[in-house]
Amino acid sequence: MLPTPMHSLAQDGIPPEIFCRIFVFCSSEFTCALPPKIIESPLVLGQVCRRWREVSRSIRTIWKARIRLNTIVTLTYTAEIFKLDFDSRGFKLLELARDLLPASSYIALDIVSAPARIRESFDPIPSSAVVRLLPLSNELIWMVNFNPAIFPGGSLVNIEHLSILPSMNLDTDVAALSPDQFGASPRLQKLHVMSLTPRFLNSGIPLSRLRSLTLDALRFSTISLEVESDWRSFFMSRSKDFNCLQELFVASSSKLVDIILEANFLWHQLTLFDISVIDSFNTLSLLLDRLRLSTRITHLRITHRQSASQRLPYHDEPPVTLPFLQTLALGNQFPLPMIEHLTSSSVLRSLDFSRISLSDLYSVVRKCPHLTNLSFSITPSTEIHPSSGSTPIVLSCLTDLEISFDVFFDQEQEWSSAFFPTLLTTPNLISLDIRVNGPDSFPLDLTIDLIKRSHARLSSIDLYIVEPTSWEPPESLLSLFNIIDFAQTVDVGNLICPQTVLDSFAGGDLLPHVKSLTLCTSSLKKTVSAINERLLHEETRKNVILRKIDCCIYAGYTTANHSDNGDDNSENADDDNNDEGRDDDSNNSDDNSDDGLDSETVLIAATEIQERYGIDCEFHL
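All figures in this text were calculated on a predicted structure; none of them were measured in a lab.

A word on the environment of Leu536
- Looking at the secondary structure, you find Leu536 in helix α16 (residues 524-540).
- Aside from chain neighbours lying at most four places away, what touches Leu536 is Arg612 and Tyr613.

Given below as structure tokens:
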């Protein structure tokens, strides 16, 4: 029987809706390049047959091109080179996108800042170039000094998403804006502006069309009484103009946040509410009142940059229930009763806590059995107490777990259930990320216990500690790698792999399905030898799985570098053992000497592996 031609399968009566779902799933963001890469998705979809071309070009979500225009294209910092970048290359890329992509496609243009010496000597953006680029763009991210003359009336007629993030204060230049510069933007729906005052918002922005608004004033730690009065007047007179607003992002001091919370928005329309304050909240009453009105919220994030010394009072407050809440992220300033009320939603799937105690964490997650994503950080001041109980907590739907520890142990302390979530069991966990933000040991044994008791088949694991840590005996890392044999992405940054681990990896028995590996070793020669042996082994089986290696080399690092008891051990060891150890060390140094190791040597070693096996390989010192 002859094989069925591909074009026959393409015309086989499959509904276009099915094709749409498949094309969206397999497509990534279009890459604009000269010459164009027509073999990339979604361009390649239109080369199968006419029907595939028609269906694929009718799906706007897969035709999105992002063009990033940097102000410098060579190391020659001159105005001519800079203008060539915007007048020639940028315009050609946009024309290319318009020629290749369907008329309904989405073009995003990012213009980033020039170095200081360019900004001081030349006008960073040639107006003639930008005026031609803007009408071709649907999204504009402007990260350079703001100049109103660059935006003539009607130039933003196709803009749907506008981000004005100047390198200098925006408020000094908005006085020259005329209402038709941004008022004639009928498709504008998302606005992100970095500004201390509301002057830019008062310059003809079509507020009634906005569905998403981001006010970013984190750069300004304090606001004057005059600026505070300007914001209050603006929201008193214009807040009801935001009659289509569904997403509100605010990043500022608590004073400006309070002013925004006092505004008469149509709070019941909000589906996403994101607040980030520089300092900390002064009161909860106003925030809770607004949340009670915002019953349609699906995503809520309330965080603060400064860690609060104590939680805000929460007495006799009516409960806040958000029945459609799916994602919640909170800082450490909020009391447990408030958290329990917010997490009562039956559709809650993602939780993110900053500096929560294990006792509170256990209390909350016991009532959230359907979580799929959980992220939290633990500090020494938030130890668990015996009153929290010892009943295991099974999160059968959890697929992603992120844990961060801000722990600085005393000499007598060690990892235990007082610091690590030993009660959690996650049988369907796919991704595990654990970070220790302190120069101490890593809870490797407790991590192994978590994976073992959960019987988790991890696809991705990321373990990180600030300072490099060597493991003796090496069975700790071997045990970890043996129980994550299904993992495709493994990152054990700063956990220095001993020779026994490298030997097992080289033989192909360890991490047999890994595609991307990030690790640390103490010898470049040992690492290169192990990688070559592993890749040769995979080539022999005609099944090369490993595609990316990123390795940091701590040349000359030994266990003694990180041992707290190295002096005591050396004093108690007998002379024979010392002599034997010296012989072993000398042999190791002869076999794997990295004398004269520099960045050029490391680069050459990585390049040889890349060219020989066709994989991504990077070595760092």
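Okay, back to it.
Quick notes on the pattern of salt bridges
- Throughout the structure, instances matching the rule amount to ten salt bridges.
- A salt bridge links Asp241 to Arg238, with the nearest nitrogen and oxygen atoms 2.5 Å apart.
- For Asp241, a relative accessible area of 29% corresponds to the partly exposed category.
- Under the relative-accessibility criterion, Arg238 is labelled partly exposed at 23%.
- In this structure, Asp433 engages Arg435 in a salt bridge whose closest nitrogen and oxygen atoms are separated by 3.4 Å.
- Its relative accessible area of 31% is what places Arg435 among the partly exposed residues.

Brief notes about the packing of α16 against helix α19 (residues 599-613)
- Axis separation between α16 and α19 bottoms out at 12 Å; the angle between their running directions is 5°. Between α16 and α19, the crossing angle belongs to the class labelled roughly parallel. Where α16 approaches α19, its residues Leu524, Val528, Ile531, Asn532, Leu535, Leu536 and Glu539 are matched on the opposing element by Thr601, Val602, Ala605, Ile609, Arg612 and Tyr613.
- Tallied by class, the residues present in the contact of α16 with α19 amount to nine nonpolar, two polar and two charged.

Details of helix α14 (residues 475-482)
- Along α14, the residues that are buried comprise Ser476, Leu477, Leu478, Leu480 and Phe481.
- Where α14 is buried, its residues touch α13 (444-454), β17 (460-465), β19 (489-496) and α15 (499-506).

Observations regarding the environment of Ser357
- Relative to the elements of secondary structure, Ser357 occurs in the loop between β11 (350-353) and α12 (358-365).
- Separated by 25 residues in sequence, Ser357 and Asn332 place their C-alpha atoms 9.1 Å apart.

Considerations on the packing of helix α8 (residues 225-238) against helix α9 (residues 254-262)
- It is the contact of α8 with α9, at a shortest axis distance of 9 Å, that shows an interaxial angle of 15°. The angle between α8 and α9 falls in the class roughly parallel. The handedness of the crossing between α8 and α9 is right-handed. Listed contacts from α9 to Glu228, Trp231, Arg232 and Phe235 of α8 are Lys255, Leu256, Ile259, Ile260 and Glu262.
- Looking at the contact of α8 with α9, its residues break down into five nonpolar, no polar and four charged.

With respect to the side chain of Thr303
- With respect to the helices, strands and loops of the structure, Thr303 is situated in strand β9 (residues 299-304).
- Among all residues touching Thr303, those that are not within four sequence positions of it are Ile275, Ser276, Val277, Phe281 and Gly331.

Notes on the pairing of β17
- Where strand β16 (residues 431-436) lies against β17, six bridges are found, and the strand directions are parallel. Following the sheet pairing, Asp433 is matched in β17 by Asp462.
- Bridge count for β17 against β19 is three bridges, and the pairing is parallel. Residue pairing across strands places Asp462 opposite Asp491, the latter belonging to β19.

Remarks on the packing of aromatic side chains
- Going through the model one piece at a time under the given rule, you end up with eleven aromatic pairs.
- By the ring-pair criterion, three or more aromatic residues cluster together here, those being Trp231, Phe234, Phe235, Phe242, Phe265, Trp267 and Phe273.
- The lysine or arginine in question, Arg457, covers the ring of Phe486, its NZ or CZ lying 3.8 Å from the ring centre.

With respect to the confidence of the model for the chain
- In this model, the chain carries a mean pLDDT of 76, and residues with pLDDT of at least 70 account for 71%.
- By mean pLDDT, the top-scoring element of the chain is strand β10 (residues 327-330) (95), and the lowest-scoring one is helix α17 (residues 566-572) (43).
- Low pLDDT (under 50) marks residues 1-9, which in the prediction has four contacts with non-local residues, meaning those over four places away or in another chain.
- This model gives residues 115-125 a pLDDT under 50, and the stretch forms 20 contacts once residues within four places in sequence are excluded.

Conventions and cut-offs
- Residues numbered from 1 in each chain as written.
- Predicted model: local features only at pLDDT ≥ 70, side-chain atom pairs only at ≥ 80, totals over all residues.
- Heavy atoms only, no water.
- Helix = DSSP H or I, 4+ residues; strand = E, 2+ residues; numbered from the N terminus.
- Contact = heavy atoms within 4.5 Å.
- Salt bridge = Lys/Arg side-chain N within 4 Å of Asp/Glu carboxyl O.
- Buried < 20%, exposed > 50% of the residue type's maximum accessible area, 1.4 Å probe, protein only.
- Axes fitted to C-alpha atoms, helices over the stretch in contact; angles between N-to-C directions.
- Parallel < 35°, antiparallel > 145°, perpendicular 65-115°, else oblique.
- Nonpolar A, V, L, I, M, F, W, Y, C, P; charged D, E, K, R; others polar.
- Left-handed = near helix turned anticlockwise from the far one by under 90°.
- Pairing = 2+ DSSP bridges.
- Phe/Tyr/Trp six-rings, centres within 6.5 Å; stacked < 30°, edge-to-face > 60°.
- Lys NZ or Arg CZ within 6 Å of the ring centre and 35° of its normal.
- pLDDT = per-residue confidence, 0-100.

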